[in-house]
Amino acid sequence: MPTDIMGNATTTAADYKTAVMAGMALAGIRAENDDIRAPPSLLYKGQRIIPLDNVTAGLGITKRTMRKYRDEGKIEIYESTTCGASFVTQEAFNDFIDNHFISSRHPEYPKLKKKHNNNGGNTENK
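What follows concerns the sheet that holds strand 1 (residues 43-44). In spatial order, the strands read 1-2-4-3; together these 4 strands make up an open sheet with antiparallel pairing. The strands lining the two open edges of the sheet, one partner per strand, are strand 1 and strand 3 (78-79). Here strand 1 pairs with strand 2 (residues 47-51) via 2 bridges, running antiparallel. Bridging from a neighbouring strand, Leu-43 pairs with Arg-48 of strand 2. Strand contacts of helix 4 (residues 90-100): strand 2 and strand 4 (86-89), with the helix running at about 70 degrees to strand 4, the strand carrying the most contacts.

Right, let's talk about the packing of aromatic side chains for a bit. Per the stated rule, a full pass over the model turns up 5 aromatic pairs. With centroids separated by 5.9 Å and ring planes inclined at 70 degrees, the aromatic side chains of Phe-96 and Phe-101 adopt a geometry described as edge-to-face. Note on Phe-96: relative accessible area 3%, which makes it buried. An aromatic cluster of three or more residues is present, and its members are Tyr-44, Tyr-78 and Phe-87.

The next thing to look at is the pairing of strand 4. Residues of strand 4 alternate between two faces, with Ser-86 and Val-88 on one and Phe-87 and Thr-89 on the opposite face, all of them buried. Judged from the 3 bridges that link them, strand 2 and strand 4 form a sheet pairing that is antiparallel. Paired with Pro-51 across the strands is Phe-87, a residue of strand 4. Sheet topology places strand 3 next to strand 4; 2 bridges connect them, and they run antiparallel. Bridge assignment links Glu-79 to a residue of strand 4, and that residue is Ser-86. The hairpin formed by strand 3 and strand 4 contains 6 residues between the paired strands, and Gly-84 there has a positive phi angle of roughly 85 degrees.

The next subject is the pattern of salt bridges. Evaluation of the coordinates by the stated rule reveals 7 salt bridges. Where Asp-53 meets Lys-63, a salt bridge forms, and the shortest distance between an N and an O atom there is 2.8 Å. Within this pair, whereas Asp-53 is found in helix 2 (residues 52-59), its partner Lys-63 is found in helix 3 (residues 63-71), the two being separated by 10 residues in sequence. On the basis of relative accessibility, which here comes to 30%, the residue Lys-63 falls in the partly exposed class. Between Lys-68 and Glu-72 there is a salt bridge, with its nearest N and O atoms 3.9 Å apart. Overlapping salt bridges, with partners in common, bring together Arg-67, Arg-70, Asp-71 and Glu-79 in one network.

Thresholds, definitions, all that
- Residues numbered from 1 in each chain as written.
- Predicted model: local features only at pLDDT ≥ 70, side-chain atom pairs only at ≥ 80, totals over all residues.
- Heavy atoms only, no water.
- Pairing = 2+ DSSP bridges.
- Helix = DSSP H or I, 4+ residues; strand = E, 2+ residues; numbered from the N terminus.
- Contact = heavy atoms within 4.5 Å.
- Axes fitted to C-alpha atoms, helices over the stretch in contact; angles between N-to-C directions.
- Phe/Tyr/Trp six-rings, centres within 6.5 Å; stacked < 30°, edge-to-face > 60°.
- Buried < 20%, exposed > 50% of the residue type's maximum accessible area, 1.4 Å probe, protein only.
- Salt bridge = Lys/Arg side-chain N within 4 Å of Asp/Glu carboxyl O.

As structure tokens, this is what we get:
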């Protein structure tokens, strides 16, 4: 049986077979999920656009909620008059995050988060 430089027994043949099998499995997964690749980057007037589906999925909220935010003037959403597509610009998304989210590193975070929870938002089940 082969040994490494420390004299320990190695299982080179088994390790190689495991690596080959893992590589083949990953290649199969990649082939099955070809549609998961990142969408092309689209621009509107020089700004990157983000499909509304991506925004809602990323934030874990519904399109209805995003449209409510639009109606309240919290975010600008572009919507097609012909095909049902909708998007936000990177700048609009950044403004929305800057104005309606707080970093956990912000000095007021504990106080503001506690205040939000006491008002009925984002409370955990106890």
